[in-house]
Amino acid sequence: MAEDSPKLSLAGSVSLGTGVMVGAGIFALVGQVAGLAGGLVPAAFLAGAIIVAFSSYSYVKYSGANPSSGGIAMLLKDAFGPGIIAGSFSLFMYVSMVVAESLLARTFGTYMLRPFGLQESPLLVPALGVAAIALAAVVNIFGNTLVERSATVTAAAKILGIAALAIAGLLAAGWSSLGAALTGGSGEPPQEGIIGFLAGTTLCILAYKGFTTITNQGGDIKEPKKNIGRSIIISLALCAVIYLLLTVSVTGSLSVPQIIESRDYALARAAEPLFGAWGVGLTIALAVVATLSGLLASIYSVSRLYAMLQDMKQAPGLPEKIKHQPLLITAGLAIIVTVFFDLSQIASLGALLYISMDIAVHLGVIRHLHQDIGARRWVPVVAITLDVVVLTAFITVKAGQDLLTLAVAAALSLTIFLAQWWAVRRRDQSDKADDGQHSRT
C-alpha cells in the first residue's frame, strides 16, 4: 500500500481478510473434503475454523507488536535468526502460496469448461490454468493499479454471491438439514472413521489461511494493536458461517458419492438440482471471478514476498539483466505445479507445507518471542497440538491413498532445507570475506 494511501479501517481490514478467504478454494475443496470426511463435510469446515482460530493467535500477537513488519518471514527471522530454520520455513510459506495459485488456476479451468462438459479434460484444464496464470502475470507487470482497484469490487462480488448461494441452498434444503449435516445424518460416514474426518479437516484449513493477509497488512491498518485481532476474529467468524451454510446446501442437494464424483466442481453440480441452469451459471461466474481476481492479487503479493526473501538472501535469483524476477519465478513455479499435479494433489501439497510452517511459527513464539509480544504460551501449545493431530491423520490417510504426493512433499522439503543450508553457508563465507577485506583497509 502506498505511503499516502489512507489507513484501512476495521471494516476495510475485515473486507480484505474475508475477500481473500472466501475465494476459489471453497469451489474446489468441498469435493476433496467429502472424499475424506464423508457426510461430515460441514462439521469438518467448522472444525477447521476452530483450529485456525487458535493458530491465528501467534500471528495476531506478533503483528500487533510489530505492525510495520508483520510478515511471517519476519516473524520467523525474529524467532530463529537469519539462518536455515527461518529461511526454510519462510520458503515453505512461499511454496504453499505458489501451490495455492495453482489451485486457483486449475479451478478456473475446471469451471470454465463445465458448460461444455469438458471439466475433466486432462489437457484443457491445465492449459486454461496456465493461460490464467500467464494473464495474471502480464497484468501485474503492466497494471498494478488495476490489481489494487479491482480487489475491493471482486471481494464484495465473491462474498455476496457465495453467501446468496449458501442461504438459498439452505432454504431449499430446509433448516432441518443444518443439524443433520453437522452430525453426518445427511450422508455417509467417513470411510476411515475419525482419522478420515481429521484428514478432511486438514484440507479445510486451506480455506481459512487467507487470514494471514491481515497480519501482513498490519502497518496499513488503523490502530493495529486493537484492530488486527478484531479483524481476524470477525473475518474467521463470517467465513465459518458462509462455509457452513454452503456445505450444508451441497450435502443436502447431493449424496456423498455424487460429491466425490464431481469433486473438482461440486458446487456447480449441487446448484443444478436446487436452482436449475441459472444457478449453475451463477456458480460458474462466481468461480471465474474468484479465481482470476485471486490470481491477480496472489501473484502480486507472493512475488513481493519472494523479492523480500531475495533481499534477505534466503532465495535465489536469475541473471541480473532479467527484469521482474520475483514475478517471473513465481508465475513459472505456479505453471509447473498446474501442469503436473491435479487439484487433489495440489490441495494436499498446500496443506502439508502450510501446516508445517504454522507449527514452526508457534514454536518460535513459545521458545523465543512470547515475552516480547506479550503472548500466553498455552495458546500456541494448543495450536501445535491441533496441527499435529490433523496433520498426522492426513499423512496416515494419504500414505494409503496417494503415496506419490507425500513423496513429492518430502523431496520438496528436503530440497528447501539443503538449498537453505547452501545459501546460508555461502552468505556466511561472503560476510567473512567482506569483514577480512574491511579489516585490511
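Bear in mind that the values here come from a model prediction, so they are computed numbers and not experimental data.

Draft legend 1. Layout of the overall build of the protein. For the protein, the helix and strand inventory stands at 18 helices and zero strands. Classification of the 441 residues of the protein by burial places 55% in the buried group. For the protein, contacts bridging at least 24 residues in sequence account for 81% of all contacts bridging at least 6. Entry remark: accessible area of the protein is about 18700 Å², with carbon and sulfur atoms responsible for 65%.

Draft legend 2. Layout of the layout of surface pockets. Estimated volume of the second largest pocket: approximately 740 Å³. In terms of lining, the second largest pocket is formed by 28 residues, of which the most central are Leu91, Tyr306, Ala315, Pro316 and Ala419. Of all the secondary-structure elements, those providing two or more residues to the lining of the second largest pocket are helix 5 (84-113), helix 14 (277-311), helix 15 (325-340) and helix 18 (403-440). Class assignment for the residues of the lining of the second largest pocket results in 19 nonpolar, six polar and three charged.

Draft legend 3. A look at the packing of helix 3 (residues 41-65) against helix 16 (residues 343-373). Closest axis-to-axis distance for the helix 3/helix 16 pair is 9 Å, and the angle between their directions is 50°. Looking at the two axes, helix 3 sits oblique to helix 16. You can see that helix 3 and helix 16 cross each other, and the crossing is left-handed. Counting all contacts with helix 3, which are made through Ser55, Ser58, Tyr59, Lys61, Tyr62 and Ala65, the residues of helix 16 involved are Tyr354, Met357, Asp358, Val361, His362, Val365, Leu369 and Ile373.

Draft legend 4. Representation of empty space enclosed by the protein within the structure. Across all of its chains, the model carries two cavities of 30 Å³ or more by this definition. Approximately 100 Å³ is the volume found for the largest cavity. In terms of lining, the largest cavity is formed by 13 residues, of which the most central are Leu246, Ser249, Val250, Leu267 and Ala271. Sorting the residues of the lining of the largest cavity by element identifies helix 7 (144-173), helix 11 (224-253) and helix 13 (266-275) as the ones contributing at least two each. A total of five residues in the lining of the largest cavity trace back to one element, the largest contributor, which is helix 13.

Draft legend 5. Just the environment of Ile228, in detail. As for its position among the elements, Ile228 is in helix 11. What makes Ile228 buried here is its relative accessible area of 0%. With 164 residues separating them in the primary sequence, Ile228 and Gly64 have C-alpha atoms 6.7 Å apart.

Draft legend 6. Region of the structure containing the nonpolar core. Counting residues in each nonpolar core, the largest one holds 134 residues, and the members touching the most others are Phe27, Phe45, Tyr94, Tyr208 and Tyr243. No other element matches helix 16, which puts 17 residues into this core. Excluding residues that lie within four positions of it along the chain, Tyr243 makes contacts with Met21, Val22, Ile26, Phe45, Ala207 and Tyr208.

Draft legend 7. Local environment of the environment of Pro257. Within the fold, Pro257 resides in helix 12 (residues 256-261). Since its relative accessible area comes to 42%, Pro257 is described here as partly exposed. For the pair Pro257 and Ala34, spaced 223 residues apart in sequence, the C-alpha separation works out to 8.6 Å.

Draft legend 8. Here's a closer look at the packing of aromatic side chains. Counted under the stated rule, the structure contains eight aromatic pairs. Look at Phe27 and Tyr111: their rings are 5.6 Å apart centre to centre, the planes differ by 80°, and that puts the pair in the edge-to-face class. Of this pair, Phe27 sits in helix 2 (residues 25-37) while Tyr111 sits in helix 5; the two residues are 84 residues apart in sequence, bridging distant segments of the chain. The two residues Phe27 and Tyr111 agree in class, both being buried.

Draft legend 9. Seen up close, helix 14. With 35 residues, helix 14 extends 51 Å from end C-alpha to end C-alpha; this agrees with the ideal 51 Å at 1.5 Å per step. Downstream of helix 14 by a residue or two, Lys313 has a phi angle that is positive, lying close to 60°.

Draft legend 10. Main features of the confidence of the model for the protein. For the protein, the mean per-residue pLDDT works out to 83, and 87% of the residues sit at or above 70. Here helix 8 (residues 176-182) is the element of the protein with the lowest mean pLDDT, 63, and helix 17 (residues 378-401) is the one with the highest, 96.

Draft legend 11. Focus on helix 9 (residues 194-204). With nine of 11 residues buried, helix 9 lies mostly within the body of the structure. Those residues of helix 9 not exposed but buried are Gly196, Phe197, Leu198, Ala199, Gly200, Thr201, Thr202, Leu203 and Cys204.

Draft legend 12. Spotlight on unusual backbone geometry. Here the phi dihedral of His324 falls at roughly 55°; this positive angle occurs in a residue that is not glycine. Relative to the assigned elements, His324 resides in the loop between helix 14 and helix 15.

Draft legend 13. Quick peek at a nonpolar patch on the surface. A cluster of nonpolar side chains, contributed by Phe116, Leu118, Leu123 and Leu124, occupies part of the molecular surface with about 430 Å² of accessible area. Tracing the sequence through the fold places Leu123 in the loop between helix 5 and helix 6 (124-142). Given a relative accessible area of 67%, Leu123 falls into the exposed group.

Cut-offs and rules
- Residues numbered from 1 in each chain as written.
- Predicted model: local features only at pLDDT ≥ 70, side-chain atom pairs only at ≥ 80, totals over all residues.
- Heavy atoms only, no water.
- Helix = DSSP H or I, 4+ residues; strand = E, 2+ residues; numbered from the N terminus.
- Buried < 20%, exposed > 50% of the residue type's maximum accessible area, 1.4 Å probe, protein only.
- Contact = heavy atoms within 4.5 Å.
- Areas by Shrake-Rupley, 256 points an atom, 1.4 Å probe, with all protein chains shown as cover.
- 1 Å grid on protein atoms, 1.4 Å probe; cavity = no way out; pocket = protein on both sides within 12 Å on 5 of 7 lines; lining within 4 Å.
- Points joined across faces, edges and corners; volume = space filled by probe spheres on them.
- Nonpolar A, V, L, I, M, F, W, Y, C, P; charged D, E, K, R; others polar.
- Axes fitted to C-alpha atoms, helices over the stretch in contact; angles between N-to-C directions.
- Parallel < 35°, antiparallel > 145°, perpendicular 65-115°, else oblique.
- Left-handed = near helix turned anticlockwise from the far one by under 90°.
- Core = buried A, V, L, I, M, F, W, Y, C linked by side-chain atoms within 4.5 Å.
- Phe/Tyr/Trp six-rings, centres within 6.5 Å; stacked < 30°, edge-to-face > 60°.
- Expected span 1.5 Å × (residues − 1).
- pLDDT = per-residue confidence, 0-100.
- Patch = residues over 30% accessible without salt bridge, like charges linked within 9 Å, V, L, I, M, F, W, Y side chains within 5 Å.
- Salt bridge = Lys/Arg side-chain N within 4 Å of Asp/Glu carboxyl O.

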